[in-house]
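Notes for the structure review
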Amino acid sequence: MPPGWESEPLPTMSHISPGIERVLEINRRALADPDEFWGKVASELYFAQRVGPAFERMDDPPFGRWFPRWKTNLSYNCLDRWIGTDLQHKVALHWEGEPGDRRTFTYLQLWKEVNRFASVLQDLGVGEGDRVTIYLPMIPEAIIAMLATVRLGAVHSVVFGGFATQALADRINDSKSKVLVTADGGWRRGKIVDLKGLVDPALLQTPTIERVVVVKRTGQPVEMDADRDRWYHEVAPTKETKVAPVMVEGPHPSFLLYTSGTTGRPKGACHSTAGYMVWLYYTTQAVFDLSPKDLFWCTADIGWVTGHSYITYGPALRGGTMLMYEGAPDFPSPDRWWELIERYGVSILYTSPTAIRGFMRRGDEGPKRHDLSSLRILGSVGEPINPEAWRWYYEHIGARRCPIVDTWWQTETGGIMIAPQLGLARYALKPGSATLPIAGVDAVVVDEQGRRVPPGERGFLTIQHPWPGEFTTLWGDPERFAQVYFSRFPGVYYAADFAMQDADGYFWLLGRADEVMKVAGHRISTTELEHILLLHPAVAESAVIGRSDAVKFEVPVACIILKPGVPPSSQLREELLLHVRTNMGPIAVPGQIYFVEKLPKTRSAKIMRRLIRDVVEERPLGDVTTLEDETSVEEAKRAYLELKSELERVPK
Ligand code: PRX
């Protein structure tokens, strides 16, 4: 944990407020009769067919199915539901590009655009169940392409624009997508990110891609393969076109989203249609109290689950108005975000602790120069928020008026799981705690043996009952799905996070319990980065760890053994950094690379990452009794000292 985080004493509450009671009571009701509770929530949405129960138990992971014989369409519920109502001419999306260009779409206009895009995909042969990879900057077409894909009953796989060639190729190959939607480029800090230039080498490795749809964003010359590539503006119909939404059964996959695990191969978390939709519909209101009057700005990138759930789907299911911004928060001036909030009248801001800590460093003059009085709720997501950042956010952005919703969830959970629920009740918040679980979330902190731990003790977070937003499998790998998530504590979802519940029942999320890093809110696998490093011809072995960082929470640090005869040099270090940037993406670039001669390993050759972390963070060797296998304390100590003296020797 970054310095200073542990020092904050936990505030306590001496009474249980009626607000808490209400939230607990709703949670209990949803758990006691999931079929009744979620069936009722779903009755507010459109289903072409409602047959059988809302919830059905299963013998295998994830041990439940939602709306198994109900039929619906996600794009219909986000868009068509509003056509012909008072909301059809209401703004669905305000978009601002980094250079300052602006576009606005009403629900009717967005619906028309989605129909146009769907007709292009349909003409390219995309149908029910086909996968479409979307690799776009933060432009409206990202939302439009997602909604168009699910309209056809097809499955989108959005790859974050900050990933590069190899990461994109691996994700396309795992999903076996037949169409890729991309753009010529995007804007970032005044420069063009050459997306098409990253795509072309990736496509040399992806045999399943038949067609590439290219959206013109930046306008620089790009190579177009005459057989494979199509400019969107050239193939999009000029006349109004309607594409009937394909009604699919509840568990039908709506999207895959690749996320990092503890192996080098990314995992395609597969989400359902109806359960996911109901979860987003419910949580968007319960947590953010969102209504059509609001202007909701979720600053996440569309390539992460937050962008999926709380840019594309949640607000539209509620008829909300969204703001989407393309570029960097501090470009061309550090006031860019505050200008946006003032200009559009943002009422709900949802962002990450990394962004908040970044602004905090610059001081409060920026926000002070702007009228932020339209704000009424502030949100936080992606990593633990330290109480100091919480307080700064509360005072300097929310002017002590706006409650902060610290929302804990994961790619796998589909939507928010533990958070203050302002749409249901008001109760005391504690800086740094995500407070209480959402309806139907049976969150329990357990010890190594799966036994519930007493209040105030740290343990592993588990979810002991299926919930509607739960992912349904890992794409193409049901065994890994069962093994990674449901075998550590049999029959129970293992979140791989440390957590603690305090005496008031509030949850405190304490970071990952596995080999996954959180870098500026992005989830990055240490092993995936090691694999990328190994692709470089000079690298024989590598070990990556996440080093604590006061702003980004963690930054990757790599220890590398070079191949025999390859001398370490600062030039090679630069080359390796560039190698990571072009193959995995700028978000994964290590903050530090150490060339070493030996890596600390257990007897069964597992890298001792915790030990490396202790050395890199210049801490004494921590508890080694839980290091895997029979590696002795003596061996661990020796390895620690060896690595320490090596790192002291090498120039930084
Ligand atoms: O460690 C937890 C952290 O982010 C992980 C999930 O990452 P990802 O799947 O990329 O989804 C991020 C956006 C939902 C979790 O296992 N995390 C997320 N939100 C919080 C958090 N840690 C503490 N507090 C949070 N509010």
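Residues numbered from 1 in each chain as written. Predicted model: local features only at pLDDT ≥ 70, side-chain atom pairs only at ≥ 80, totals over all residues. Heavy atoms only, no water.

1. Quick look at the site of the ligand
Around the ligand, 17 residues are found, and the nearest of them are Asp 406, Thr 411, Arg 512, Lys 518 and Arg 523. Between the ligand and Glu 383, the relevant distance is 3.4 Å, taken from a nitrogen atom to a main-chain nitrogen or oxygen of the residue. Contacts to the ligand include Arg 523, whose side-chain N or O atom sits 2.7 Å from an oxygen atom. Coverage of the ligand by the protein chains reaches 97% of its 540 Å² of free accessible surface. Looking at the shell around the ligand, the elements that each hand over two or more residues are helix H10 (305-317), strand S20 (404-407) and strand S25 (507-512). A class-by-class count of the residues in the shell around the ligand yields six nonpolar, five polar and six charged. (Near = heavy atom within 4 Å. Polar contact = N/O pair within 3.5 Å; in protein donor to acceptor, adjacent residues only side chain to side chain. Areas by Shrake-Rupley, 256 points an atom, 1.4 Å probe, with all protein chains shown as cover. Helix = DSSP H or I, 4+ residues; strand = E, 2+ residues; numbered from the N terminus. Nonpolar A, V, L, I, M, F, W, Y, C, P; charged D, E, K, R; others polar.)

2. Topic: the sheet that holds strand S17 (residues 321-325)
Taking strand neighbours across the sheet as the criterion, the seven strands line up as S5-S4-S17-S16-S18-S19-S20 in an open arrangement whose pairing is mixed. Each of the sheet's edge strands pairs with one partner strand only, and the pair in question is strand S5 (102-106) and S20. The sheet shows a mean angle of 15° between the axes of neighbouring strands, direction not considered. Across four bridges, the pairing between strand S18 (residues 348-351) and strand S19 (residues 377-381) is parallel. Bridging across to S19, Tyr 350 finds its partner in Gly 379. Sheet strands touched by helix H11 (residues 336-344): strand S4 (91-96), S5, strand S16 (295-298), S17 and S18. Its angle to S4, the strand with the most contacts, is close to 150°. (Pairing = 2+ DSSP bridges. Axes fitted to C-alpha atoms, helices over the stretch in contact; angles between N-to-C directions. Contact = heavy atoms within 4.5 Å.)

3. Quick notes on unusual backbone geometry
A cis amide bond links Pro 61 to the next residue, Pro 62, at an omega of 5°. Here the amide bond leading from Phe 331 into Pro 332 is cis, since omega sits at -5°, within 30 degrees of zero. Relative to the assigned elements, Pro 332 resides in the loop between S17 and H11. Phi is positive for Phe 63, close to 70°, though the residue is something other than glycine. Along the polypeptide, Phe 63 turns up in the loop between strand S1 (55-57) and strand S2 (64-66). The phi torsion at Ala 520 lies on the positive side, around 50°, for a residue other than glycine. Tracing the chain through its elements places Ala 520 in the loop between strand S26 (516-519) and strand S27 (522-525). Residue Ala 520 is classed as partly exposed on the basis of its relative accessible area of 22%. (Buried < 20%, exposed > 50% of the residue type's maximum accessible area, 1.4 Å probe, protein only.)

4. Structural notes on the nonpolar core
Ranked by size, the top nonpolar core spans 168 residues in total, and within it Trp 38, Val 181, Tyr 282, Phe 288 and Leu 461 carry the most contacts. Not counting the four nearest positions on each side in its chain, Tyr 282 is found in contact with Ile 26, Phe 37, Trp 38, Val 41, Arg 318, Leu 424, Ile 438 and Ala 439. Membership of the second largest hydrophobic core comes to 25 residues, among which are Leu 323, Leu 340, Ile 341 and Ala 389. (Core = buried A, V, L, I, M, F, W, Y, C linked by side-chain atoms within 4.5 Å.)

5. Description of the pattern of salt bridges
Within this structure, the stated rule accounts for 43 salt bridges. Between Lys 196 and Asp 200 there is a salt bridge, and its shortest N-O distance comes to 2.8 Å. With Lys 196 and Asp 200 both in helix H7 (residues 195-203) and four residues apart, the pair spans about one turn of that helix. Bridged by salt links that share partners, the residues Glu 554, Arg 613, Asp 614, Glu 617 and Arg 619 form one connected network. (Salt bridge = Lys/Arg side-chain N within 4 Å of Asp/Glu carboxyl O.)

6. Here's the deal with the pairing of strand S22 (residues 458-463)
Counting buried positions along S22 yields five of six residues, so the element is predominantly enclosed. Summarising the sheet, strand S21 (residues 443-446) and S22 pair through four bridges and their orientation is antiparallel. The partner of Ala 443 across the bridge, within S22, is Ile 463. As judged from the five bridges shared by S22 and strand S24 (residues 493-501), these two strands associate in the antiparallel manner. Paired with Arg 458 across the strands is Met 500, a residue of S24.

7. Re the pairing of strand S14 (residues 255-259)
Counting buried positions over the five residues of S14 gives five, a clear majority of the element. Going residue by residue along S14, you find Phe 255, Leu 257 and Thr 259 tucked away on one face and Leu 256 and Tyr 258 tucked away on the opposite face as well. Here strand S7 (residues 155-158) pairs with S14 via two bridges, running parallel. Within the sheet, the bridge partner assigned to Ser 157 lies in S14 and is Leu 256.

8. Observations concerning the packing of helix H18 (residues 609-616) against helix H19 (residues 633-649)
In contact at an axis separation of 10 Å, H18 and H19 are set at 45° when each is read in the N-to-C sense. Between H18 and H19, the angle falls in the class oblique. Here the hand of the crossing between H18 and H19 comes out right-handed. Packed against H18, whose contacting residues are Leu 611, Ile 612, Asp 614, Val 615 and Val 616, the element H19 presents Ala 636, Ala 639, Tyr 640, Leu 643, Lys 644 and Leu 647 at the interface. Within the contact of H18 with H19, the residues separate by chemical class into nine nonpolar, no polar and two charged. (Parallel < 35°, antiparallel > 145°, perpendicular 65-115°, else oblique. Left-handed = near helix turned anticlockwise from the far one by under 90°.)

9. Some points on the packing of helix H12 (residues 353-362) against helix H14 (residues 387-397)
The description of two packed helices rests on the angle between their axes and on the distance between the axes. Contact pair H12 / H14: the axes reach a minimum separation of 10 Å and the direction vectors enclose 70°. On the basis of their axis angle, the class for H12 and H14 is roughly perpendicular. Listed contacts from H14 to Ile 356, Arg 357, Phe 359 and Met 360 of H12 are Glu 388, Ala 389, Trp 392 and Tyr 393. Of the residues contributing to the contact of H12 with H14, the split by class is six nonpolar, no polar and two charged.

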